[in-house]
Amino acid sequence: MKFTVSKTEIVKALSSTLGVVEKRQALPILSNVLLKVEDNNISITATDLESEVQTTCTPASVESTGSTTAPAKKLNELCRLLPDGSEISIFLNGDKLSVESGSGKYSISTLPSEDFPVFDVVSENTEFTILGSVLRNLISKTSFAMGNQDWRHYLNGMYLNIEDKNITVVTTDAHRLAISTNSTTKSVSGEISGIIPRKSINEIGKLLSDSSEEVTLSLGSNTIMLKTDSTSFVSKLIEGKFPNYEQVLPSGESSVLSVNTKQLSEILSRVSVLSSDKFKGIKLNIKSNEVLVSANNPEQEEGEERFKSNYDGEDMEIAFNVNYIQEVLSNIDSNDCNINLYGSDKSCLISPSDDPDLKYVVMPLLI
Amino acid sequence: MSIALVDCDSFYASCERVFRPDLKGRPIVVLSNNDGCVIARSSEAKAMGVKMGVPWFKIKDRYIRKGGIVFSSNFAFYGDMSRRVMNILNSISPKTEVYSIDEAFLDFSGTEKNIGCFDFGLHLKNTVGRWTGIPVRIGIGPTKTLAKIASYQIKKRDIQSRVLVLDSQRDISEALKSTPVGEIWGVGRRLNRKLSMAGIRNALQLSYAPPQDIRKRFSIVLERTVRELNGEKCLDIEDVSPTKKQIVVSRSFAKKITNLEVLNTVVNDYVVRAAEKLRSEKQKSSRISVFIRTNPFDTNESYRAIKSYSFTYPTDDSRDFLYAVRKILPKIYRPNYRYSKAGIMLSSFSDIGYVQNSLFNENHTYKMDSRLMQVIDELNLNQKQIYIASQNIGRFKPIQRNMISPRYTTRWGDLPTVK
């Protein structure tokens, strides 16, 4: 195996695999990437056994083909620190990988490519296409509400459902829930769904960061695969049943509080300085013409602020974990949002005034 | 600005003497659960050379022969006596921090101008002595750490008035000089060794150390100590006690338990006890852990296990915790082992003020209504009257306390009679 490649090409490829490589792993080979050199193509693969990313780059020249595995972090660091515009020559020398550029000669340990665990992709997956920017938006608006190391393992990910041309993503940690819908560019027959693990969602988000092209997703019973022009990413799905989110969406008669997103967020930031560290509780006293936001803490400090409101219901006092509301507000791009209130002990529904396809449900604190 | 530390002399031993004046001047020791080790000694027992924590069986024969008196621990009694002492302190000084079962810090600010710290201390000591029978010593200084040192000096110099005020620089320096570093509040064994190696052997030497250096080489905690030794008040009296992070109830058994049923009833006792504590602290917990183990010194058998159960909602209801124990205890129990200790821990606390409800409480919806538990707590306040059926209720006696004194102040039947 021997080839030369430009610094830009290989660094771009290596860095897109790094997110999958675990910092601490049980098997030494999982800290390596698999390098596979073919005539006009280098493929680089990383896996953590739950997910796998494979990306390709174009070599400047290939002297001989072959494959090996080398430590991902070291290889990436080395190539990244070489002078810009460098041509890098990489070849196998016994069981060492030699990296040479200019007067620099580096030799890195390898492990046999046969030992690298490969993902079995089941072929019965249903394939559809979606604009990268649309998928990125779906993820970025909802991923904050995923569970994190929750013992209900099915909450530690994003639920994805596609029916015809409608794609719905749902995340929840049981205290709040985010739901966003949009459309795919190619429809599927019937309905498919799955729960994508938290880490994989973060990786997919990164891979889509600059993609406005169409990407292909294929969803099976236990894996999901994302393909962009140069990279493919496969992840196992979380087994288990996602909670019935439709049941959680509050319904019935509600009163609507319309607020300026930025104004509310700024007031909450100030008032919450004096909320308790643990609960971050803030209270809203909502009246037809005015809302009083207040907080206090065990040190008996307190703060309050008022703002003019637009509210059509009965007076209400409701409390929230301020972080939950702030995270929602920070994901709302429109100037105004509507908070639908169903009672001080019932969940509320928050949505941007101009986007009916994005909804957030937040459970209040009981006082 | 003055702070007083009220410290009960040999508290457990003093409690035992309150209703047994005949024991005055006799050596007294109190033993740990199952009569294992010595956990408290009267000054007479200390003078006999009885060490703290020594296993009872090692000293038993010699101690009894020499006329020593021994008691099993009677925590219900000590706890009640402590409450009485603390109530008196609270009624006399508005700002009191109960620091442990036998110590409290009091704010003496203002008394300097009126009757003077020494006289006020004397009054306090006499009042506690007359009303409860518990002898106390009172160390007074400009900071908590110096108050602690004053208290140590009373013990060390055997000051008859049992009150010492450290207010002049000369008195303070003298006291610091004769206080070894290991006796300073907050300096434990390891820190003591490290300080000795740095050539700091007494409190006066530590007080000379530049605080910034101490923070760099040791910790901010020790920096505070240094500043406090120099009369700079860093630690305030915490009259609002900080909320607990966890509640643990565990016991070693005198007679080993093999049977799951028996183990279950015993553990249920601990659960009910912990839940009572939780409610009295006005807290809720959303996690319970149960642990069991065999005797760790037994080389023939060794097994230990711990398992936790998380609730989707914070609770203070005994029934919820018992439900969890019913789920997890059978999972960690292995037959054919002789268990020597079991316990439970409640954690993941939230204040009663706020409860974050879940979106998906299909089975248990948390209600802000705990009237049943409230009624049970009220009925059981003075004497256990209502039990949960799965509790032990004295069916098994895993704890041995053969030499326990009567519960003079907490049980009607144990009231001392005067002939």
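This report concerns the structure included in the present document. (Residues numbered from 1 in each chain as written. Chains lettered and ligands numbered in written order. Predicted model: local features only at pLDDT ≥ 70, side-chain atom pairs only at ≥ 80, totals over all residues. Heavy atoms only, no water.)

### Regarding helix H3 (residues 56-65) of chain B
Residues and elements named next belong to chain B.
Now for step 1: Those residues of H3 that sit buried are Trp 56, Ile 59 and Tyr 63. Buried residues of H3 fall within an arc of 85° about the axis and therefore sit on the same side. The outward face of H3, more than 90 degrees from its buried face, is lined by the exposed residues Phe 57, Asp 61 and Arg 65.
Now for step 2: Those residues of H3 that are buried lie in contact with strand E2 (28-31), strand E3 (38-41), helix H2 (43-47) and strand E4 (69-72).
Now for step 3: In the stretch just after H3, Gly 67 is the one whose phi turns positive, near 90°. (Buried < 20%, exposed > 50% of the residue type's maximum accessible area, 1.4 Å probe, protein only. Helix = DSSP H or I, 4+ residues; strand = E, 2+ residues; numbered from the N terminus. Arc of directions from axis to C-beta. Contact = heavy atoms within 4.5 Å.)

### Focus on the interface of chain A and chain B
Now for step 1: On the side of chain B, 15 residues touch chain A, which itself brings 23 residues to the contact.
Now for step 2: Summed over both sides, the interface of chain A with chain B buries roughly 1,800 Å², with 66% coming from carbon and sulfur.
Now for step 3: Of all residues in chain A, Phe279(A), Met363(A) and Leu366(A) bury the most surface against chain B, accounting for 32% of the area lost on that side.
Now for step 4: At the boundary of chain A with chain B, the tally comes to zero salt bridges.
Now for step 5: Here chain A and chain B share two residue pairs in polar contact (both at pLDDT 80 or more) between them.
Now for step 6: For the side of chain A that touches chain B, the secondary-structure elements that each account for two or more residues are strand E13 (176-183), strand E23 (316-321) and strand E27 (365-366) of chain A.
Now for step 7: Split by residue class, the side of chain A that touches chain B holds 15 nonpolar, five polar and three charged.
Now for step 8: Two elements, E27(A) and strand E13 (residues 355-356) of chain B, share two bridges in a ladder whose sense is antiparallel. Residue pairing for E13(B): Leu366(A) is matched across the bridge by Val355(B). (Buried area = accessible area lost by both parts, 1.4 Å probe. Salt bridge = Lys/Arg side-chain N within 4 Å of Asp/Glu carboxyl O. Polar contact = N/O pair within 3.5 Å; in protein donor to acceptor, adjacent residues only side chain to side chain. Nonpolar A, V, L, I, M, F, W, Y, C, P; charged D, E, K, R; others polar. Pairing = 2+ DSSP bridges.)

### Considerations on a nonpolar patch on the surface
Now for step 1: Nonpolar side chains collect at one region of the surface, where Val375(B), Leu379(B) and Ile386(B) lie side by side and expose about 220 Å² of accessible area between them.
Now for step 2: Note on placement: Val375(B) falls in helix H14 (residues 371-379). (Patch = residues over 30% accessible without salt bridge, like charges linked within 9 Å, V, L, I, M, F, W, Y side chains within 5 Å. Areas by Shrake-Rupley, 256 points an atom, 1.4 Å probe, with all protein chains shown as cover.)

### Comments concerning the sheet that holds strand E24 (residues 336-341) of chain A
Each strand in a sheet pairs with another by means of backbone hydrogen bonds, the pair being arranged parallel or else antiparallel.
Residue and element names in this part refer to chain A.
Now for step 1: The sheet built from nine strands is open, its strands ordered E14-E11-E12-E13-E26-E25-E24-E18-E22 with antiparallel pairing. This sheet does not close on itself; its edge strands, each paired only once, are strand E14 (191-197) and strand E22 (310-311).
Now for step 2: As paired elements, strand E11 (residues 157-163) and strand E12 (residues 166-172) share five bridges and run antiparallel to each other. Each residue of the ladder has a partner; that of Glu 163, found in E12, is Asn 166.
Now for step 3: Contacts from helix H4 (residues 198-207) reach E11 and E14 within the one sheet, and its direction differs from that of E14 by about 100°.
Now for step 4: Here helix H7 (residues 322-330) sits on the sheet and contacts E13, E24, strand E25 (348-352) and strand E26 (358-362); the angle it forms with E26, its principal contact strand, is near 175°. (Axes fitted to C-alpha atoms, helices over the stretch in contact; angles between N-to-C directions.)

### Considerations on the nonpolar core
Residues and elements named next belong to chain A.
Now for step 1: If you look at the biggest cluster of nonpolar residues, it comprises 55 residues, and the most contacted ones within it are Leu 75, Leu 135 and Leu 226.
Now for step 2: No other element matches helix H1 (residues 7-18), which puts five residues into this core.
Now for step 3: Discounting chain neighbours no more than four positions away, the residues touching Leu 226 are Leu 135, Ile 204, Leu 207, Leu 208, Val 215, Thr 216, Leu 217, Thr 231, Ser 232 and Phe 233. (Core = buried A, V, L, I, M, F, W, Y, C linked by side-chain atoms within 4.5 Å.)

### A closer look at a positive patch on the surface
Residue and element names in this part refer to chain B.
Now for step 1: Where like charges cluster on the molecular surface, the positive patch consists of Arg 189, Arg 190, Arg 193 and Lys 194.
Now for step 2: Along the polypeptide, Arg 189 turns up in helix H8 (residues 189-197).
Now for step 3: The exposure class assigned to Arg 189 is exposed, which follows from its relative accessible area of 73%. (Lys, Arg positive; Asp, Glu negative; His and termini not counted. Charge placed at Lys NZ, Arg CZ, Asp CG, Glu CD.)

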